[in-house]
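If you want the building blocks of each chain, they are given just below.
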Amino acid sequence: MEKMQFLCGVVEGFYGRPWSMDQRKVLFRWMQCWGLNTYLYGPKDDLKHRLLWREVYSPEEEGQLRTLILEAKSRGLRFIYALSPGQDIVFSSSCDLTLLKRKLRQVSNLGCQAFAILFDDIDHSLCQADSEAFSSFAHAQVTVTNEIYRFLGEPPIFLFCPTEYCSSLCSPSVLKSPYLQTIGEDLLPNITVVWTGSKVISRKLTVDCLAEVECVLQRPPLIWDNLHANDYDSRRLFLGPFKGREPQLRSHLRGLLLNPNCEFEANYIPLHTLGSWHRGGKQEKEDEECEYCPDKALSAAICDWMEELNQPFQAGRQSTRTDQHSSAPDSHSKAPDRVNCTSTSKGLSAVAKLPVFPLSFSLSSSSQSKVKGQKEGRDGERKRQSQPCQLNQQLSGHRPGGPSTGGRGQKAQGRNGVLSESQVRLLVGLHYLPHEHGLSAQKLLQDLAWLKTNCQIVSANGSKAPSQKIDEWRGRASRFLSLCEDIAQLHCCVVGGANRAVLYDLYPYVWDLRNTALVAKAFISWLDGRVLLSDGSSLGTWKNCLHWCGKATGADLLGMESEPWVFKGGVSGEVQMLLPIGSSCELFTHPPPLFPTSRLYNIRPYHSKDKVELYQMVQQLHIRTQDGQGFSPAHPDVIGDRFLGPYLALCPEYSFILEDELGVCGCVMGVLDVRSFVKRCQASWLPAMRDKYPPKGGNAHPNAQDLIKLMEEDQGDYPDSLLYHFPSQLRLDALPELVDVSISRTLLSALLTALKANGSQGVFCEVQPTDRQRLEFLTKLGFLEILRGEARSREGVVLGRLL
């Protein structure tokens, strides 16, 4: 009777780092709680599962595998061991067949009673020896599989994954595929065939779409469901509910196993809702209240996940001496009702500190040596509050305001508190499903596209729009900026949350989206009254961008029923494509910082009130790097006037501010047209500086002549060969103690977005060879790695980058 029971559970079959033993034990606890019954072990990157399949397990590995099999059985789960020999097996080789039997016999002796042979993702060709021994590729696979099945005593659960495992891989079609016909006719009838649906990652699974495969295979298949798999895109995560699978599928399938996210902690909602789907399918059809509803299942999963999210688990769910007794299997084997099992956290031990690397601000003594970089960053932040006073009494005041969402104390309260339900729903909505965005992601994309498409309403040189239209644009802009701020707050709460296991797995994704949202937020703030509409502007190509922003994802717009991996990046990628520099992928692809920080950052256009604080910041940087050379207490503006003054005076519309909760910590300034800028400097800025720093008199600067000469050289004569390709220029400054260096790169992206929007095709950054610290900063930032052009001017090094 067990043979006919519907198999529903999890397949660990993704590419990437396999889950740890402790994570699998937590998984089994979840599965028992939610009514799932089957686990298939087949991680692609386990060397002895795929690449080194011929090698037997060591005694230590045997012990771990035996423990895992026993743990699954104690939870009432079926443990299926899978092997993937297809990459290099010689089907006609008696030696390879003997090694295959030896490996599976070893696992069988450990207590495993269910097996799978996988021939997915391999070349269809046969070696010469196999071509002579078998009539076809399918014949070779079937012959070996049947022999292994008999060798193992014809176990009640034995799975076979074909090389053509979905409709899109069948040639020429499912019903006419010679490969599948051979499988259906020659594979022993009690061997179950694995299938993924119409695609590798199927949007929907219906009875009708499975009818033809059931016909050609001559048996009901088992679905290997990749709905939540994310191993094909490092920027995507899927936290949405199990969806798009008709409840009536059960009677046409041997089972359904979900191959979920690589990140273990990201699978709570997918597996919780899969359990709801499985339990709902057991109910009688006339009981409508028991029918599976993805939205209701999602709400129930979020409710349970809330408790788990706010438990102080350490990264990886590693066992400790104090919690081994509490992780013992429960005495019951059947899944309890959800009411009696609202959270699995009650059976887990809480660990207060994270010993691997310091994502929290409270560190054990054993961790101190690993966090020197982060400690220096925090020390530097503290210095920022006191150092200006030491430099000059005029610099003693605090910045009038920090990031627009509130003060430092308010942020600390939000970060250290628990994640709210609205924040969890925001997190899920932004990382929903491969073929569908959640409501929050839809809103983000739709508002960004509308604001960009209708930016002529508030353009600098457009016709005067009705006040009603202007109010509508600014109202939607305000809502968009608020959502971006919510994303920034979500990032901080994830970093500052108690559950470090969740942090480890989710951080790269919330960090990536936070950075992309910062660029988009800065761009929308900048659009209001700054974009110049002209025939040559790239805005002219933005009139039909709303097609990106429906319920469908970018992949669907590139081809009918395309696989999700044809469009990379998920919501971050689609926001990126809606920006003027969307094609510059290298600006958005950089690794997350080694030491995550929950500090709030904001990027926004420059305002005149920022000048004082910017001058203070650049003065700090100059004194640190040049040992105070050129600084005069009697002339506190001299450093700012030289390095920032021309930009702020002549083209402030291309200046962006980076601020955190302590104030300004970086800035980037740009020039759209260098030729015009140099002429304006000579006509107005330099004369103003000669008046401000006269060579003689009571207000004279001690080195006025040298200072003016340096300012003149700063606006030097650049070669036409450079300006032809790189008509724009930028200057980037950021305090070196920033823990998250990538935020400076995000700041750079905000300026490039503005320059591109007004027609620039290239930008360069000039650095003197003597300024080693600045060169090191740009190298650390990754700016040097993404350059596409380079030229030299005078004695300085000119670094150019095409937009």
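A few points on the structure.

Cut-offs used in this document
Residues numbered from 1 in each chain as written. Predicted model: local features only at pLDDT ≥ 70, side-chain atom pairs only at ≥ 80, totals over all residues. Heavy atoms only, no water. Helix = DSSP H or I, 4+ residues; strand = E, 2+ residues; numbered from the N terminus. Buried < 20%, exposed > 50% of the residue type's maximum accessible area, 1.4 Å probe, protein only. Core = buried A, V, L, I, M, F, W, Y, C linked by side-chain atoms within 4.5 Å. Contact = heavy atoms within 4.5 Å. Pairing = 2+ DSSP bridges. Axes fitted to C-alpha atoms, helices over the stretch in contact; angles between N-to-C directions. Right-handed = clockwise from strand over helix to strand, strands pointing away. Expected span 1.5 Å × (residues − 1). Polar contact = N/O pair within 3.5 Å; in protein donor to acceptor, adjacent residues only side chain to side chain. Patch = residues over 30% accessible without salt bridge, like charges linked within 9 Å, V, L, I, M, F, W, Y side chains within 5 Å. Areas by Shrake-Rupley, 256 points an atom, 1.4 Å probe, with all protein chains shown as cover. Salt bridge = Lys/Arg side-chain N within 4 Å of Asp/Glu carboxyl O. Phe/Tyr/Trp six-rings, centres within 6.5 Å; stacked < 30°, edge-to-face > 60°. Lys NZ or Arg CZ within 6 Å of the ring centre and 35° of its normal. Parallel < 35°, antiparallel > 145°, perpendicular 65-115°, else oblique. Nonpolar A, V, L, I, M, F, W, Y, C, P; charged D, E, K, R; others polar. Left-handed = near helix turned anticlockwise from the far one by under 90°.

## Re the overall build of the protein
Per the secondary structure count, the protein includes 25 helices and 15 strands. The burial tally for the protein puts 58% of its 803 residues in the buried class.

## Let's talk about the nonpolar core
Counting residues in hydrophobic clusters, the biggest one holds 205 residues, and the most contacted among them are F79, Y81, I524, L614 and F656. When residues in this core are grouped by element, the largest group, 17 residues, is from helix α15 (residues 500–527). Leave out the neighbours within four places in its chain, and I524 touches L448, L451, W473, A477, F480 and L481. Core analysis: the next-biggest nonpolar cluster, separate from the first, contains 21 residues, L7, L40, L118 and F238 among them.

## What about the sheet that holds strand β8 (residues 255–258)?
The 8 strands lie next to each other as β1-β2-β3-β4-β5-β6-β7-β8, forming a closed barrel whose pairing is parallel. Each neighbouring strand pair of the sheet contributes to a mean axis angle of 25 degrees, computed without reference to strand direction. Against the sheet, helix α1 (residues 21–34) touches β1 (7–12) and β2 (38–41), its axis set at about 155 degrees to β2. Helix-sheet contacts for helix α5 (residues 137–151) involve β4 (114–118) and β5 (157–161), and the interaxial angle to β5 is about 165 degrees.

## Considerations on the pairing of strand β7 (residues 222–225)
The side chains of a regular strand alternate between the sheet's two faces. Covered by surrounding structure in β7 are L222 and W224 together with I223 and D225, the residues of both alternating faces. With 2 bridges connecting them, strand β6 (residues 192–195) and β7 associate as parallel partners. Bridge pairing links W195 to I223 in β7. This β-α-β element, β6 to helix α7 (residues 207–217) to β7, shows right-handed connectivity. Sheet topology note: the β7/β8 ladder contains 4 bridges and is parallel. Note that in β8 the partner of W224 across the bridge is L257.

## Digging into α15
Compared with the 40 Å implied by 1.5 Å per residue over 28 residues, the 39 Å span of α15 between its first and last C-alpha is a close match. Among the 28 residues that make up α15, 25 are buried, leaving the element largely enclosed by the rest of the structure. Two or three places before A501, at the start of α15, stands the capping residue N499, its side-chain oxygen 3.1 Å from that residue's backbone nitrogen.

## Some points on the environment of S562
Looking at the element boundaries, S562 is found in the loop between α16 (554–557) and α17 (570–577). In sequence terms S562 and S168 are 394 residues apart; their C-alpha atoms lie 10.0 Å from each other.

## Notes on a nonpolar patch on the surface
A contiguous nonpolar surface patch, about 260 Å² in accessible area, is contributed by L47, L51 and L52. Within the secondary structure, L51 is located in the loop between β2 and α2 (59–74).

## A look at helix α12 (residues 421–430)
With respect to burial, α12 is a largely interior element, 7 of its 10 residues being buried. When we look at burial in α12, the residues that qualify are Q423, V424, L426, L427, V428, G429 and L430.

## Some details on the environment of I708
Checked against the element boundaries, I708 lands in helix α22 (residues 704–714). Each C-alpha atom, one on I708 and one on P687, is 9.6 Å from the other, the two residues being 21 residues apart in sequence. Excluding anything up to four places from it in sequence, I708 contacts M689 and R690.

## Side note on the packing of aromatic side chains
Counted according to the given criterion, the structure contains 24 aromatic pairs. Taking 6.2 Å as the distance between ring centres and 20 degrees as the angle between the ring planes, the aromatic pair formed by F523 and W526 counts as stacked. On the criterion of helical spacing, the pair formed by F523 and W526 is a turn pair, its members being 3 residues apart in helix α15. F523 sits in the buried class, given a relative accessible area of 2%. Every member of this aromatic cluster is reached through a ring pair, and the members are F14, W19, W30, W34, F264, Y268 and W305. It is K44 that lies over the ring of Y15; its NZ or CZ is 5.4 Å from the centre. A cation over a ring is seen here: K103 above Y57, with NZ or CZ 4.9 Å from the ring centre.

## Things to note about the pairing of strand β11 (residues 663–671)
In terms of residue burial, β11 counts as a mostly covered element, since 9 of its 9 residues are buried. Note that strand β10 (residues 655–660) and β11 share 6 bridges and pair antiparallel. Within the sheet, the bridge partner assigned to E659 lies in β11 and is V664. Adjacent in sequence and paired antiparallel, β10 and β11 are bridged by 2 residues. Here β11 pairs with strand β12 (residues 728–734) via 6 bridges, running antiparallel. Directly across from V668, in β12, lies its bridge partner L732.

## A short note on the packing of α1 against α2
Think of two packed helices as two axes; the pair is described by the angle between the axes and how far apart they sit. Interhelical geometry of α1 versus α2 gives an angle of 10 degrees and a closest axis separation of 10 Å. Taken together, α1 and α2 sit at an angle that is classed as roughly parallel. Contact residues: M21, R24, K25 and F28 in α1; Q64, T67, L68, E71 and A72 in α2. Split into classes, the residues belonging to the contact of α1 with α2 amount to 4 nonpolar, 2 polar and 3 charged.

## Thoughts on the environment of R690
With respect to the element layout, R690 can be found in helix α21 (residues 674–692). The class for R690 is partly exposed, based on a relative accessible area of 38%. Separated by 15 residues in the primary sequence, R690 and Q705 have C-alpha atoms spaced 8.9 Å apart. When near neighbours in sequence (up to four residues on either side) are disregarded, R690 contacts I708 and E712.

## Description of the pattern of salt bridges
Under the counting rule described, the total for this entry stands at 22 salt bridges. The partner of D447 in a salt bridge is K443, and the shortest N-O contact between them spans 3.6 Å. Here D447 pairs with K443, and both are found in helix α13 (residues 439–453), just 4 residues apart, close to one helical turn. Bridged by salt links that share partners, the residues R54, D88 and D96 form one connected network.

## Here we look at unusual backbone geometry
The amide bond that connects S171 to the next residue, P172, takes the cis arrangement and shows omega of 0 degrees. Relative to the helices and strands, P172 resides in the loop between β5 and α6 (178–186). Here the phi dihedral of D121 falls at roughly 55 degrees; this positive angle occurs in a residue that is not glycine. In this fold, D121 is placed in the loop between β4 and α4 (128–133). Its identity is not glycine, yet E154 carries a phi of approximately 50 degrees, on the positive side. Secondary-structure assignment places E154 in the loop between α5 and β5. Judged by its relative accessible area of 44%, E154 falls in the partly exposed class.

## A closer look at the packing of helix α14 (residues 467–496) against α15
It is the contact of α14 with α15, at a shortest axis distance of 8 Å, that shows an interaxial angle of 155 degrees. Considering the angle they form, α14 stands roughly antiparallel to α15. Relative to α15, α14 is oriented so that their crossing is left-handed. In terms of residue class, the contact of α14 with α15 is built from 18 nonpolar, 3 polar and 4 charged.

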